[in-house]
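For reference, the chains in residue letters:
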Amino acid sequence: MGRYRVLVAALASLSLALGAAGSAQARVGLPPVVAQVPTSEKVVFITVDDGWNHDPEAARILLERRVPVSLFLLPGAASYDAAYFTRLTEEGRAGVENHTVGHPDLTTLDAAGKDAEVCGAGEQLRAVFGRTPKLLRPPYGAVDDEVRLAAKACGVKALITWTHDFTTWGDTPPPTPRLQAGDIVLLHFTPTLAADLRRALDAARAAGLKPAALMPHLKAAGVL
Ligand SMILES: [Zn+2]
């Protein structure tokens, strides 16, 4: 019971924070930056970035377990072997989203540079996957209001950062956190993706959470 109340309080403060942010965003009309989705449903969100390493084992897990997943792809990483990703979108439950063209820190670019990176990636991904991405993951999570403004001009509805990075960047995996409802899990298309993905799915199951698609839950939460 105590834990339940803590959770309810956490959700309430989260939705308050989001409500306040929401009205500020409404004033300036900028798309929101989302690191965790306010939801009372027992869901987590799996996201995989970049796209350089095309591991068949990771694809097999995503397809066999029917994992809803958002792929924030660099067009260059997708273009040399687009079939790896179109299989995930057509046979699996993957959606392709925007991660810029060249992976810069967008806050360091002028308006034309931001436009080329975000709109350019959207156009290139549309040419391959037939859909203009609606979500942007800013490289390094680097965001300011000018980045949000540039993203809006490119049709981006929300900028998605993350709650926990499960990527094995060194020799050993990072400590596994206890996942909470609405958490956004960050993974990368690296050689450890299959193992990192298994850890994330195991952590979700241990917390009684199911992977879910981002877009419908962003809409349900009033974020979009
Ligand atoms: Zn990246």
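Small disclaimer: the values here were computed from a predicted structure and weren't measured.

Undergrad: What am I meant to see in the overall build of the chain here?
TA: When its secondary structure is counted, the chain shows eight helices and nine strands. Across the 224 residues of the chain, 48% fall into the buried class. Pairs at least 24 apart in sequence give 72% of the contacts found in the chain among residues at least 6 apart. Accessible surface, the chain as shown: approximately 10,600 Å² in total, 56% of it carbon and sulfur.

Undergrad: Would you explain a positive patch on the surface in this entry?
TA: On the surface, Arg126, Lys134, Lys152, Lys157 and Lys219 cluster together into a positively charged patch. Residue position: arginine 126 is located in helix α5 (residues 111-129).

Undergrad: Sorry, what's going on with the packing of aromatic side chains here?
TA: Where two aromatic rings form a pair, the distance of their centres and the angle of their planes describe that pair. Counting across every chain of the model gives three aromatic pairs. Here tyrosine 84 and phenylalanine 85 contribute two aromatic rings whose centre-to-centre distance is 5.0 Å and whose plane-to-plane angle is 85°, an arrangement assigned as edge-to-face. A single burial state applies to tyrosine 84 and to phenylalanine 85, both of which are buried. Put simply, the rings of Tyr84, Phe85 and Phe189 pair up and form one aromatic cluster. Looking at arginine 137, its charged tip hangs above the ring of phenylalanine 72, at a distance of 4.5 Å from the centre.

Undergrad: Would you mind going over the coordination of the zinc ion with me for this structure?
TA: Geometrically, a metal with four donors at the corners of a regular tetrahedron has ideal angles of 109.5 degrees, and one with six donors at the corners of a regular octahedron has ideal angles of 90 or 180 degrees. Taken together, Asp50 (OD), His99 (NE2) and His103 (NE2) make up the full set of protein donors to the zinc ion, lying 2.0 to 2.2 Å away. Expressed as a motif, the donor residue spacing for the zinc ion is D-x48-H-x3-H. Placement of aspartate 50 in strand β2 (residues 43-50) and of histidine 99 in the loop between β4 (94-98) and α5 is noted, with a sequence separation of 49 residues between them. Given a relative accessible area of 14%, aspartate 50 falls into the buried group. Assessed through its relative accessible area of 1%, histidine 99 is described here as buried.

Calculation notes
- Residues numbered from 1 in each chain as written.
- Predicted model: local features only at pLDDT ≥ 70, side-chain atom pairs only at ≥ 80, totals over all residues.
- Heavy atoms only, no water.
- Helix = DSSP H or I, 4+ residues; strand = E, 2+ residues; numbered from the N terminus.
- Buried < 20%, exposed > 50% of the residue type's maximum accessible area, 1.4 Å probe, protein only.
- Contact = heavy atoms within 4.5 Å.
- Areas by Shrake-Rupley, 256 points an atom, 1.4 Å probe, with all protein chains shown as cover.
- Patch = residues over 30% accessible without salt bridge, like charges linked within 9 Å, V, L, I, M, F, W, Y side chains within 5 Å.
- Salt bridge = Lys/Arg side-chain N within 4 Å of Asp/Glu carboxyl O.
- Lys, Arg positive; Asp, Glu negative; His and termini not counted.
- Charge placed at Lys NZ, Arg CZ, Asp CG, Glu CD.
- Phe/Tyr/Trp six-rings, centres within 6.5 Å; stacked < 30°, edge-to-face > 60°.
- Lys NZ or Arg CZ within 6 Å of the ring centre and 35° of its normal.
- Donors = N, O, S within 2.8 Å, 3.2 Å for Na, K, Ca; no water.

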